[in-house]
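# Summary of the model geometry
Now for the letters of each chain:
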Amino acid sequence: VTVRERGPMRARVELVARYRWPAACVGLDRRTGEVDHEVRTRLELRAGARAVRVEVTVDNRSRDHRLRTHLTLPSPAGTSSASSCRCCGTRGWG
């Protein structure tokens, strides 16, 4: 964990984690080899903000291997918004 900014208006930290994930998936249930991955998570809190900004960066070098991020919230959310290289979307839960 590295503190990137410690100001009165904005605070930012960066977390770096290293993992070994399968190099590839074969079919639905078989994995082969291993590849090193580095995951960088940046957290930013701004004065007066009601939310924490989260940015996760990873170079996924595993072939046919999808990644998901799970963030625990203090209470259930009514919707979820996400963006990717292909689209932006909002989902309702209920």
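Everything numeric here is computed off the predicted structure, so don't read it as measured data.

What follows covers the layout of surface pockets. The space that makes up the largest pocket amounts to roughly 1600 Å³. Thr69, Ser80, Ser81, Ala82 and Ser83 are, among the 31 residues lining the largest pocket, the residues nearest its centre. Ranked by residue count, the leading element in the lining of the largest pocket is strand β5 (residues 79-83), at five residues. Split into classes, the residues belonging to the lining of the largest pocket amount to 14 nonpolar, 11 polar and six charged. Estimated volume of the second largest pocket: approximately 270 Å³. Taken together, Leu15, Val16, Ala17, Tyr19, Trp21, Val39, Thr41, Val56, Val58, Leu67, Arg68 and Thr69 form the lining of the second largest pocket.

Under the counting rule described, the total for this entry stands at 12 salt bridges. Between Arg18 and Glu38 there is a salt bridge, and its shortest N-O distance comes to 3.0 Å. Of this pair, Arg18 sits in strand β2 (residues 10-26) while Glu38 is found in strand β3 (residues 30-46), placing the two residues 20 residues apart along the sequence. For Glu38, a relative accessible area of 31% gives the class partly exposed. A salt bridge links Arg53 to Glu44; the nearest nitrogen and oxygen atoms lie 4.0 Å apart. Taking the relative accessible area as the measure of exposure, Arg53 reaches 48% and is therefore partly exposed. Of the residues examined, Glu44 reaches a relative accessible area of 13% and is grouped as buried.

Rules used throughout
Residues numbered from 1 in each chain as written. Predicted model: local features only at pLDDT ≥ 70, side-chain atom pairs only at ≥ 80, totals over all residues. Heavy atoms only, no water. 1 Å grid on protein atoms, 1.4 Å probe; cavity = no way out; pocket = protein on both sides within 12 Å on 5 of 7 lines; lining within 4 Å. Points joined across faces, edges and corners; volume = space filled by probe spheres on them. Helix = DSSP H or I, 4+ residues; strand = E, 2+ residues; numbered from the N terminus. Nonpolar A, V, L, I, M, F, W, Y, C, P; charged D, E, K, R; others polar. Salt bridge = Lys/Arg side-chain N within 4 Å of Asp/Glu carboxyl O. Buried < 20%, exposed > 50% of the residue type's maximum accessible area, 1.4 Å probe, protein only.

Functional significance is not addressed by these values, which are geometric in nature.
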